[in-house]
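Each chain is listed here by its residues.
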Amino acid sequence: MTARKGNGEMSHFPFPLSLSCMLVLLSFASAAMAQPPRTPPPADVVYEASITDLQSAMAGGRATSVTLVDAYLARINAYDQRAPALNAVIRLNPKARADASALDAERRAGRVRGPLHGIPVLLKDNYGTRDMVTSAGSIALAGMRTPDDAFQVKKLREAGAVILGKTNMHELAAGITSISSIGGQTCNPYDPTRNPGGSSGGSGAAVAASFAAIAWGSDTCGSIRIPAAVHNLYGLRPTKGLTSVAGIVPLSHTQDVAGPIARTVMDLAIGLDATIGADPADPATRMLDGRELPRFVGSLDSTGLRGRRIGVLVAHFGVEADDAEGTRVVRAALERLKARGAEVVDIAIAPLDTLINRAGVIPFELKPDLMDYLATVPNAPVHSLKEILDAGLMHSALEGTFRIREASGTRDSLPYREALTRRIVARDLVIAYMDSAKLDAIVYPTVRRKAAIIGEPQRGGNCQLSAVTGLPALSMPAGFTPDGLPIGMELLGRALDDARLVAMAYDYEQSARPRVAPSTTPRLVAGRAPVATAYSVEVRQGPLAARAAFAYDAPSRTLSYDVSVSGVTPASVYAISIDRDSAGTKGAMRHRLSGEGVAGAKGKIALGESDRRELLAGRLAFVVYAKDAPRGMIRTRLVPRTAGR
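Residues numbered from 1 in each chain as written. Predicted model: local features only at pLDDT ≥ 70, side-chain atom pairs only at ≥ 80, totals over all residues. Heavy atoms only, no water.

A. Looking closely at the sheet that holds strand 4 (residues 120-124). With mixed pairing, the 11 strands of this open sheet are ordered in space as 3-5-4-8-10-9-14-15-13-11-12. At either margin of the open sheet sits one strand with a lone partner, and together these are strand 3 (89-92) and strand 12 (343-347). Averaged over all pairs of adjacent strands, the angle between their axes in this sheet comes to 30 degrees, without regard to strand direction. Inspection of the sheet shows strand 9 (residues 234-237) paired to strand 10 (residues 257-262) by two bridges, in the antiparallel sense. Along strand 10, the bridge assignment pairs Tyr-234 with Ala-262. Strand contacts of helix 4 (residues 151-158): strand 4, strand 5 (162-167), strand 8 (214-219) and strand 10, with the helix running at about 175 degrees to strand 4, the strand carrying the most contacts. (Pairing = 2+ DSSP bridges. Helix = DSSP H or I, 4+ residues; strand = E, 2+ residues; numbered from the N terminus. Axes fitted to C-alpha atoms, helices over the stretch in contact; angles between N-to-C directions. Contact = heavy atoms within 4.5 Å.)

Dropping the structure here:
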């Protein structure tokens, strides 16, 4: 259920949540529907548009910040709770249009603050915002308002960004499949039956679906990089201390970092330039004292890979059968690094895996860090992890994790001190190896496997190396599996080599051009999702006549059908189907629509990526197998008769 508050935000009331994204329409996480655009834009100007594209449109008078806000709201309205029902956005900022209007006035007056001026952005729901609820995906924190903006939110506002809303996340950032008690399950736009990574899965799905050009997430062990990998995006886990995490609901102060996720390297660089820097409220940023901040946009170089020596960490590719698909994709991408002038060599750092797997500190720090954070929030709805557990204020998927972390949470134990020591040893080991092997970076799959089916655990993550050493790591698109799911690869560098990693990714991007938009969130038409593409068939051979009407709906990836056969008795019909058809040559049956003795059928088929491609390429046929048909069948290719608006 949802109820509107007087201030325009949505108040949420919990009930049991489904793991099925097609049932998200029934969940209480419907805030994305709460603020439809005032005037739907005549064209989907934000679809796959970069920050530089949007700035060009505003500078040229083809758009304003207000029209960009409306355009993004139209896409959220079309796709977040309606098919494909991504459920990526938890709540929208009721002041977004007013903020955009003020920034438009500044532009008209001749003041443009920088490349983010007037650009709508989305924030993960653990970023504190003074004028919006911050719940970290938890029903325990529903309605919680922080007294101040998080450091990076302040920087974004100063840069002229418009805070469009908050994205769903894995509850309290404690997992990698993005399910929460206040937001439900977020889905992956490349295949809505699969998870979007986590814990910043809402931010990743939103950027992939063009709900924003850029969104902010946090990464304690993969939570920026994994959503980037499974959404064909770029995401940097920065050097610990390059920017502040003050004001972000913590998971582990030792490992927490935060930053942007974007579709292009340039957008990533713009977002990083706007939000890095020292902050007295975050002791980790003291490492920047006396140092000049990197300039990410200024470091972009189309020859950034030339002459670089990159080590392929073979152990991170895995040896199980389910790892092979991702390995093939990443190995092919490594060839593109070579083609850009990089030297790529296989490496092994013998004791590393054992060391990093015992150096994580999240189990020890969540409990005390959360308690300290909540003590700074006036009128916080709860004050501890124990209080959340005692009241049952969490999604059932998190209960076991929270109980373990409540039991182990301490900053004063031998296992915790040993883990902290291992972090230093692991960092020194990696740097020493890179120095001795003269490496500029280490590369490996971000996740060895494609995104898991919703409800199943995500296996194959390689998040620990960067997380426990504090070294920067950038995930970038490697390619796609045969069934159309993105795979990412990760570059890890030395401390404060962040800009160099981004420059390498930029060089790779210029030649590989890896960006492919998801098919489930296409360009809007007149502010709405395009209508289904219709296919009609009417064919007669001998006494047999067949009629069929098909309609393909891209957001839901479904093909509806209404087929019938006449002129013969039903008993003579063996099957009605959709078969492969290549250049007029019949291929194998793909979907059986009805069986023996049935002369008609209606229904829907959920198409996988392979079938979707075959249909759109005209390589599927409507087939009737019948005793009285010439050669036992009649067959005609499916060709669209009426294109969608």
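Having seen the model, we can carry on.
B. Up close: the packing of helix 11 (residues 362-374) against helix 13 (residues 396-408). It is the contact of helix 11 with helix 13, at a shortest axis distance of 7 Å, that shows an interaxial angle of 85 degrees. With respect to helix 13, the element helix 11 is oriented roughly perpendicular. Taking contact as the criterion, the partners of Ile-362, Pro-363, Phe-364, Leu-366 and Lys-367 in helix 11 are, on helix 13, Phe-402, Arg-405, Glu-406 and Ser-408. Looking at the contact of helix 11 with helix 13 residue by residue, the classes come out as five nonpolar, one polar and three charged. (Parallel < 35°, antiparallel > 145°, perpendicular 65-115°, else oblique. Nonpolar A, V, L, I, M, F, W, Y, C, P; charged D, E, K, R; others polar.)

C. Local environment of the confidence of the model for the chain. Averaged over every residue, the pLDDT of the chain is 92; the share at 70 or more is 93%. Taken element by element, the chain is modelled with least confidence in strand 1 (residues 2-4), mean pLDDT 32, and with most confidence in strand 4, mean pLDDT 99. For the stretch residues 1-34, pLDDT sits under 50, and the model shows 85 contacts to residues farther than four places along the chain or on other chains. (pLDDT = per-residue confidence, 0-100.)

D. Just the state of the cysteines, in detail. Summed over the entire model, instances satisfying the criterion amount to one disulfide. Note on cysteine connectivity: Cys-221 is disulfide-linked to Cys-463, with sulfurs 2.1 Å apart. Judged by the sign of its S-S torsion, about 80 degrees, the cystine formed by Cys-221 and Cys-463 is right-handed. Taken together, the residues Cys-221 in the loop between strand 8 and helix 6 (225-230) and Cys-463 in the loop between strand 13 (441-445) and helix 15 (464-469) connect sequence positions 242 residues apart. Taken as a pair, Cys-221 and Cys-463 share a single burial class, namely buried. (Disulfide = S-S within 2.5 Å. Buried < 20%, exposed > 50% of the residue type's maximum accessible area, 1.4 Å probe, protein only.)

E. Inspection of the nonpolar core at higher detail. Counting 119 residues, the largest nonpolar core has Phe-211, Leu-337, Ile-442, Met-489 and Val-502 as its most contacted members. With 10 residues, the single largest contributor to this core is helix 2 (residues 65-79). One finds Val-563, Ala-601, Leu-615 and Val-624 within the second-largest nonpolar core, a separate group that totals 29 residues. (Core = buried A, V, L, I, M, F, W, Y, C linked by side-chain atoms within 4.5 Å.)

F. Structural context of the pattern of salt bridges. Overall, the coordinates contain 43 salt bridges when judged by the stated rule. Measuring nitrogen to oxygen at the nearest pair gives 2.5 Å for the salt bridge that ties Asp-125 to Arg-91. Taken together, the residues Asp-125 in the loop between strand 4 and helix 4 and Arg-91 in strand 3 connect sequence positions 34 residues apart. Residue class for Asp-125 comes out buried when judged on its relative accessible area of 0%. According to the relative accessible area criterion, Arg-91 is buried, its value standing at 3%. Notably, a salt bridge pairs Arg-111 with Glu-106, separated by 3.6 Å at the nearest N-O pair. Looking at Glu-106, the relative accessible area reads 19%, which means it is buried. Residues joined in a network through salt bridges with shared partners are Asp-191, Arg-194, Arg-557, Glu-609, Arg-612 and Arg-613. (Salt bridge = Lys/Arg side-chain N within 4 Å of Asp/Glu carboxyl O.)

G. The arrangement of the packing of helix 2 against helix 3 (residues 96-108) in detail. The N-to-C vectors of helix 2 and helix 3 enclose an angle of 150 degrees; their axes lie 7 Å apart at closest approach. When the axis of helix 2 is compared with that of helix 3, the two are roughly antiparallel. For the pair formed by helix 2 and helix 3, the contact residues are Ser-65, Val-66, Val-69 and Asp-70 on the first element and Ala-96, Arg-97, Ala-100, Ser-101 and Asp-104 on the second. Of the residues that constitute the contact of helix 2 with helix 3, the class distribution is four nonpolar, two polar and three charged.

H. Here's a closer look at the side chain of Asp-104. Note on placement: Asp-104 falls in helix 3. Buried Asp-104, no salt bridge; nearest opposite-charge side chain is Arg-107, N-O distance 5.0 Å. Among the polar contacts listed, one links the side chain of Asp-104 to the backbone nitrogen of Val-66, at a separation of 3.2 Å. In this view, Asp-104 contacts Thr-64, Ser-65 and Val-66; residues no more than four positions away in its chain are not counted. (Lys, Arg positive; Asp, Glu negative; His and termini not counted. Polar contact = N/O pair within 3.5 Å; in protein donor to acceptor, adjacent residues only side chain to side chain.)

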